[in-house]
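What follows is each chain in one-letter form.
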Amino acid sequence: MRIAVCDDKKADRQKLIEALRSAVGNVSVNEFEDGNELLCSHAHLPYDLIFLDILMPRISGMDTAERLRKTDTHTPIVFVSSSEEFGVQSYRVLAFDYLLKPVDPKELKRCMTRLCDQLDHEKQAFLTVSYAGTETKIRLSNIQCLESNLRKVIITLSENREIEIVAKLSDFEDFLLKNGFCRCHKSYLVNMEHIDRIDGETFYLTGSKSVKISRAYLQNAKKAYFDYVFGSEVES
């Protein structure tokens, strides 16, 4: 993980870097005393996480964040300040967290744990496939179902759009079963987020598509679906 720490006070930068390495181990940290220097460096090679002091003389941390967000809405920003007064304003630039100086090591560790959990979730939120000769990431929430068709897989997306790839359902099954999908037929994997209702041996999906549940998978498919609906842990 590449981390940037921007603070006009060297002592504060050093304290934060020591706390970071204590909380998460060996990480790559670049130091900046000015927001403009940070923005130039980030534009050249983006950081995975940015810690920003708010009260700096040349350009404030808030102004730095506002400029960053014009081109980058994804990189997490954690503000570090001696004052609470900018807490509400930090939400306008999509701040991930707001820590008070001197930084409490326990608070910092909680922040980093939440960040790592979010990054792990984001990695899981996409299905990577080879489509038209290009590695393509499809957001899981956009997938209604996958259907096996001979040596190909048809992926039905939101609004019933379909793409066809050369693959097998088994290539994706382990991953998808752990991320909100269920197998209801030897030829189908269905995203439970897109199941509108179940009627007998049929799943009716949100895009008006219906998928048959075979008898061999009926008991497990129903259990997985109702566990999902009623908030129990989905079993893979």
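Heads up: the structure comes first, above all this text.
Notes on the structure in this doc start here. (Residues numbered from 1 in each chain as written. Predicted model: local features only at pLDDT ≥ 70, side-chain atom pairs only at ≥ 80, totals over all residues. Heavy atoms only, no water.)

What follows covers the overall build of the protein. Regarding its fold elements, the protein presents seven helices and 15 strands. Relative to its length of 236 residues, the protein is extended, with a C-alpha radius of gyration of 23 Å against a globular reference of 18 Å. Summarising its shape, the C-alpha atoms of the protein cover approximately 70 × 40 × 30 Å along the three principal directions. Across the 236 residues in the protein, those meeting the buried criterion constitute 45%. The protein carries 32 positive and 36 negative side-chain charges, and their two centres are separated by 4 Å. (Helix = DSSP H or I, 4+ residues; strand = E, 2+ residues; numbered from the N terminus. Rg over C-alpha atoms; globule rule 2.2 N^0.38 Å. Buried < 20%, exposed > 50% of the residue type's maximum accessible area, 1.4 Å probe, protein only. Lys, Arg positive; Asp, Glu negative; His and termini not counted. Charge placed at Lys NZ, Arg CZ, Asp CG, Glu CD.)

Attention now goes to the side chain of N191. Of note, N191 is situated in strand β12 (residues 188–191). Only 2.8 Å separates the side chain of N191 from the backbone oxygen of I143, close enough to count as a polar contact. Discounting chain neighbours no more than four positions away, the residues touching N191 are L140, S141, I143, Q144, G180 and F181. (Polar contact = N/O pair within 3.5 Å; in protein donor to acceptor, adjacent residues only side chain to side chain. Contact = heavy atoms within 4.5 Å.)

This brings us to the environment of A216. For A216, the position within the fold is in helix α7 (residues 215–229). For the pair A216 and L169, spaced 47 residues apart in the sequence, the C-alpha separation amounts to 17 Å.

The next point concerns a nonpolar patch on the surface. A cluster of nonpolar residues, F226, Y228, V229 and F230, forms a patch on the protein surface that exposes about 400 Å² of accessible area. Within the element layout of this structure, F226 appears in helix α7. Residue F226 is classed as partly exposed on the basis of its relative accessible area, which comes to 36%. (Patch = residues over 30% accessible without salt bridge, like charges linked within 9 Å, V, L, I, M, F, W, Y side chains within 5 Å. Areas by Shrake-Rupley, 256 points an atom, 1.4 Å probe, with all protein chains shown as cover. Salt bridge = Lys/Arg side-chain N within 4 Å of Asp/Glu carboxyl O.)

A few words now on the pattern of salt bridges. Working definition: two side chains of opposite charge can pair if their charged atoms are close together. Per the stated rule, a full pass over the model turns up 11 salt bridges. Across the salt bridge formed by E31 and R13, the nearest N and O atoms sit 2.9 Å from each other. One end of the pair, E31, is in strand β2 (residues 28–32); the other, R13, is in helix α1 (residues 10–24), and 18 residues separate them in sequence. Two residues, R215 and E201, come together in a salt bridge whose shortest N-O distance is 3.9 Å. Highlighted residues: R215 in helix α7 and E201 in the loop between β13 (195–199) and β14 (202–205), separated in sequence by 14 residues. With relative accessibility at 72%, the residue R215 sits in the exposed group.

Right, let's talk about the environment of I143 for a bit. Residue placement: I143 occurs in strand β8 (residues 143–149). For I143, a relative accessible area of 0% corresponds to the buried category. When the C-alpha atoms of I143 and I155 are compared, they prove to be 7.0 Å apart, with 12 residues separating the residues in sequence.

It is worth spelling out helix α6 (residues 170–177) at this point. Along α6, the positions that sit buried rather than exposed are F172, E173, L176 and L177. Projection of α6 onto a plane perpendicular to its axis shows the buried side chains occupying an angular sector of 120 degrees, all on one side. Its buried side turned inward, α6 meets β6 (126–131), β8, β10 (162–166), β11 (181–185) and β12. (Arc of directions from axis to C-beta.)

Moving on: the sheet that holds β12. Within the open sheet, the five strands sit side by side as β10-β9-β8-β12-β11. Their pairing is antiparallel. For this open sheet the edge positions go to β10 and β11, each flanked by a neighbour on one side alone. With strand direction ignored, the average angle separating the axes of adjacent strands in the sheet is 20 degrees. Bridge analysis of β11 against β12 gives four bridges, and the strand direction is antiparallel. Bridging across to β12, H185 finds its partner in Y188. Across the sheet, α6 is in contact with β8, β10, β11 and β12; its angle to β11 comes to roughly 130 degrees. (Pairing = 2+ DSSP bridges. Axes fitted to C-alpha atoms, helices over the stretch in contact; angles between N-to-C directions.)

With that settled, the discussion passes to the pairing of β12. Where burial is concerned, the two faces of β12 agree: the one with Y188 and V190 and the one with L189 and N191 are both buried. As paired elements, β8 and β12 share three bridges and run antiparallel to each other. Across the sheet, E147 pairs through a bridge with Y188, a residue of β12. Linking β11 back to β12 in an antiparallel pair, the connection comprises two residues.

What follows deals with the nonpolar core. Counting 19 residues, the largest nonpolar core has L38, I50, L52 and F79 as the members making the most contacts within it. Of all elements in the fold, only β1 (2–6), α2 (35–44), β3 (49–53), α3 (61–69) and β4 (77–81) reach the threshold of two or more residues within this core. The element that contributes the greatest number of residues to this core is α3, accounting for three residues. Setting aside residues no more than four positions away along its own chain, F79 makes contact with L52, I54, G61, M62, A65, S90, V93, A95, D97, Y98 and L99. (Core = buried A, V, L, I, M, F, W, Y, C linked by side-chain atoms within 4.5 Å.)

Keep in mind that these numbers describe shape and distance, not what the molecule does.
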